[in-house]
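A structural walkthrough
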Amino acid sequence: MTEKYDIAFLGGGPAGYQGAIRAAKLGARVAVIEERFVGGVCLNWGCIPTKAVRASAEAGRTLRRAREYGFKAVEAVPDIAAIIARKQRVIKALRGSIEQLFLARKIELIEGRGALVGPGKIEVRKPGESALIEASKVIIATGSRPAGLPMIPKGPRVFLADEMLDISFLPQQLLVIGGGAVGVEMAAIFRELGSEIVLVEALDRILPFDDRETAENLLTILQRRKIKVYCSTTVESVVESGDGFSVRLSNGTELTPDTILQAVGRRFNTEGIGLEQLGIEMERGRIVVDKHLQTNVPGHYAAGDVIGGWLLAHVAFAEGICAAEHALGLGSWMDYWVVPRCVFSIPEYAAVGISEEEAREKYSVKVARFPFKSLGMAQAIGELEGQVKIIADTETDTILGAHIFGPHGADLISEIALAMKGDSPARLVMDTIHTHPTLSEAVLEVAQALHDQAIHVAPSRGH
Ligand SMILES: Cc1cc2nc3c(=O)[nH]c(=O)nc-3n(C[C@H](O)[C@H](O)[C@H](O)COP(=O)(O)OP(=O)(O)OC[C@H]3O[C@@H](n4cnc5c(N)ncnc54)[C@H](O)[C@@H]3O)c2cc1C
């Protein structure tokens, strides 16, 4: 018998599972088809695993700084098996929570690989079985997978981004190929765990698509942590040798890493799921959607990494919810003007809005910076590296962008994102009383500096 649903999600990652919960709350009969684990890349191999292992790396860092905090020196020897086991416990607990939410909302989780076999018809296969389900609305949320370089040999010491945190050993020398968010994050984490790191980026800087000044400042900090970074450099050859590799870079440098991580981008999961047969429009591998996330085939939507753009879990959450709402009759649409984003390096980098370069090209701007070292709370907790920068329109005081690197930058950026979303001038941030002593006062101080009212420092200021 064919099961019928109001709405079916192909893929149970961030877009699929949050969209499903929203749809169930709107009263729909909902199915989620998932071939691996609910939570997708984010929960099982991406956002959460990296943050769990990063927490271990930071704990080690604090232990190594024991004397600074008034303790006798302690030995901090990482036990990679225990660190990975802890990460796995975190994943299991969160996966269980999603499954409980599904149960409570009567969302049917159908295990297997799904493919569209007609409008609103999905065939779900698993070994030895297949089933057909029908849904009035379908949301394609199949996500993405890591890309690799053909020249890199496969083997137990060569990892793609999604595989790295299932590692069973601590690399001695890790070659990270790619200086985007994932490469920088992994480099920072494994450095704190004690690996020697060489990071290679083909473009002229790390985090090549964000604010230049902030990315350069972060680079200085990574180098201070003894991470070796080669920009404008590519990997020319990799040959296995003994327990590791002989690697030659385009700048002539020879390396002998024992482990390689490829963090060179992602591919969209659009193959073999019936998109061509249904005539769903695609462009360079991603599904094309309108602002309501509708594809060109009525009743069929797509959300999350599979539509390209920002490949971020919180964007996928918002898209899954938007698609579910529109499919069930609400007028929802996506607004990408305010998208905060973070790189969980140590310390963190977070941004919202546009870079200073882009702002200067398009607007008349004022820019203010505030260094964490001038802040009471940063001094109290011993985290002095980094700064907050806000770029605002000179005439309207509208915030155009903000870039933070430093402790808890990823949390601090939300306040600025909210101000931008509400079209509030930077002055509103300044006029809001902030709790003391907190790191959030760095945001207050930079807003004050934008209006020539800096209290704790005379920050450099450009017009
Ligand atoms: C190392 C790493 C760290 C990251 N850290 C962050 C971070 O800190 N913050 C952040 O915002 N983002 C982060 N990301 C990105 C984030 O993981 C993705 O943007 C997010 O997972 C995308 O969600 P999604 O639902 O679109 O797709 P996915 O998470 O890829 O989920 C898609 C799901 O669909 C399933 N699926 C695919 N095809 C089928 C099919 N035919 N049938 C059934 N099921 C199918 C897959 O098994 C998968 O579970 C990170 C990514 C990586 C790799």
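For every chain, the first residue of the written sequence is number 1, and numbering continues from 1 onward in sequence order. At least 70 in pLDDT is required for a residue's local features to be given in this predicted model, at least 80 for side-chain atom pairs to be given and counted, and no such filter applies to totals for whole chains, interfaces and linings, which use all residues. Hydrogen atoms and water are omitted, and side-chain values are computed over all heavy atoms in the structure.

**A short note on a nonpolar patch on the surface**
What counts here: What makes a patch is a set of residues exposed beyond 30% relative accessible area and free of salt bridges, joined within 9 Å when like-charged and within 5 Å when nonpolar (Val, Leu, Ile, Met, Phe, Trp, Tyr). Exposure was quantified through the Shrake-Rupley algorithm and a 1.4 Å probe, taking into account, for residues, occlusion by the shown protein chains and nothing else. When a carboxyl oxygen of Asp or Glu lies within 4 Å of a side-chain nitrogen of Lys or Arg, that pair is called a salt bridge. Think of it this way: any DSSP run of H or I at least four residues long counts as a helix, any run of E at least two long counts as a strand, and we number them from the N terminus.
Taken together, the side chains of L26, L328 and L330 define a hydrophobic patch exposed on the protein surface, amounting to about 200 Å² of accessible area. Among the structural elements, L26 can be located in the loop between α1 (14-25) and β2 (30-34).

**Some details on the sheet that holds strand β15 (residues 259-262)**
Here is the rule: DSSP-based pairing: two strands are paired if at least 2 bridges between them are found. Note on method: axes are straight lines fitted to C-alpha atoms, helices fitted across the in-contact stretch only, with angles between N-to-C directions ranging 0 to 180 degrees. We call two residues in contact when some of their heavy atoms are within 4.5 Å.
Spatially, five strands are ordered β8-β15-β9-β10-β11 in an open sheet, and the strand pairing comes out parallel. Across the chains shown, the open sheet's two edge strands, defined by having one partner strand only, are β8 (158-160) and β11 (227-230). With direction set aside, neighbouring strand axes in the sheet form an average angle of 20°. Alignment of strand β10 (residues 196-200) against β11, held across four bridges, turns out to be parallel. Note that in β11 the partner of V198 across the bridge is K228. Together, β9 (173-177), β10, β11 and β15 form the strand contacts of helix α5 (residues 181-192), whose direction differs from that of β10 by roughly 165°.

**Some words on the state of the cysteines**
Covalently bonding the sulfur atom of one cysteine to the sulfur atom of another cysteine gives a disulfide. Rules: Any cysteine sulfur atom paired with another within 2.5 Å is treated as part of a disulfide.
The final tally for this structure, using the stated rule, is zero disulfides. Lacking any disulfide linkage, C322 is separated from the closest cysteine sulfur, that of C42, by 19 Å.

**Considering the site of the ligand**
The test is simple: Proximity criterion: a residue is near a molecule or strand once any of its heavy atoms comes within 4 Å of it. Polar contacts, as used here, are pairs of N or O atoms within 3.5 Å; protein pairs need one atom able to donate a hydrogen and one able to accept it. Residues neighboring in sequence count only if both atoms are side-chain atoms. Amino acids are sorted into nonpolar (Ala, Val, Leu, Ile, Met, Phe, Trp, Tyr, Cys and Pro), charged (Asp, Glu, Lys and Arg) and polar (every other residue, Gly among them).
Around the ligand there are 39 residues in total, and E34, V41, K51, D305 and A313 lie nearest to it. Between an oxygen atom of the ligand and a side-chain N or O atom of E34, the distance comes to 2.6 Å. Between the ligand and R113, the relevant distance is 3.3 Å, taken from a nitrogen atom to a side-chain nitrogen or oxygen of the residue. For the ligand, whose free accessible area comes to 1,000 Å², the fraction covered by protein is 94%. When its residues are assigned to classes, the shell around the ligand shows 18 nonpolar, 13 polar and eight charged.

**Describing α1**
A turn of α-helix holds 3.6 residues, and therefore any two residues three or four places apart point the same way. Put simply, the test is: Helix span, expected: 1.5 Å multiplied by one less than the number of residues in the helix. Per-residue accessibility, obtained with a 1.4 Å probe over protein chains only, is compared with the maximum for each type, and a residue is labelled buried under 20%, exposed over 50%, and partly exposed between these values.
Here α1 contains 12 residues, and its C-alpha end-to-end distance of 17 Å stays within 8% of the 16 Å for a straight helix at 1.5 Å per residue. Among the 12 residues that make up α1, nine are buried, leaving the element largely enclosed by the rest of the structure. Buried residues of α1: P14, A15, G16, Y17, G19, A20, I21, A23 and A24, and no others. Packing partners of the buried residues in α1 comprise β1 (3-10), β2, α2 (40-44), α4 (80-104) and α8 (313-327).

**What about the nonpolar core?**
Rules: Nonpolar cores were defined as sets of buried Ala, Val, Leu, Ile, Met, Phe, Trp, Tyr and Cys residues, with membership established by side-chain atoms within 4.5 Å.
Formed by 50 residues in total, the largest nonpolar core has its most connected members in F9, V30, F102, I122 and I140. Of the residues forming this core, the biggest block, six residues, is contributed by α1. For I122, the residues in contact, after removing those within four places along its chain, are A8, L10, I33, G114, A115, L116, V117, A131, L132, I133 and V138. The next biggest cluster of nonpolar side chains, apart from the first, holds 36 residues, and it includes I80, L199, Y349 and F405.

**Focus: the packing of aromatic side chains**
What counts is decided by this rule: Note on ring pairs: Phe, Tyr and Trp rings are taken, using the six-membered ring of Trp, and paired if centres are within 6.5 Å. Classes follow the plane angle, with under 30 degrees stacked, over 60 edge-to-face and the rest tilted. Counting as a charge over the ring demands two things of the Lys NZ or Arg CZ atom: a distance within 6 Å of the ring centre and an angle within 35 degrees of the ring normal.
Scanning the entire structure with this criterion turns up three aromatic pairs. With a centroid separation of 6.2 Å and 50° between ring planes, the pair formed by F159 and F169 is classed as tilted. Placement of the pair is F159 in strand β8 and F169 in the loop between β8 and β9, with a sequence separation of 10 residues. Residue F169 is classed as buried on the basis of its relative accessible area of 18%. Between the NZ or CZ atom of R95 and the centre of the ring of F37, over which it lies, the distance is 3.8 Å. Residue placement shows R157 over the ring face of F169; its charged tip is 4.1 Å from the ring centre.

**A look at unusual backbone geometry**
For residues other than glycine, phi is negative in most cases, and the peptide bonds are mostly trans. Cis rather than trans, the peptide bond between I346 and P347 has omega equal to 5°. On the secondary structure map, P347 appears in the loop between β20 (341-343) and β21 (348-353). The residue after H436, namely P437, is reached through a cis peptide bond having omega -10°. Here P437 shows up in the loop between α12 (426-431) and α13 (441-450).

**A look at the sheet that holds strand β13 (residues 244-249)**
Read across the sheet, three strands follow the order β12-β13-β14 without closing on themselves; strand pairing throughout is antiparallel. The two strands at the open ends of the sheet, each matched to only one other strand, are β12 (235-241) and β14 (254-255). In this structure, β12 lies alongside β13, joined through six bridges in antiparallel fashion. Bridging across to β13, S241 finds its partner in G244.

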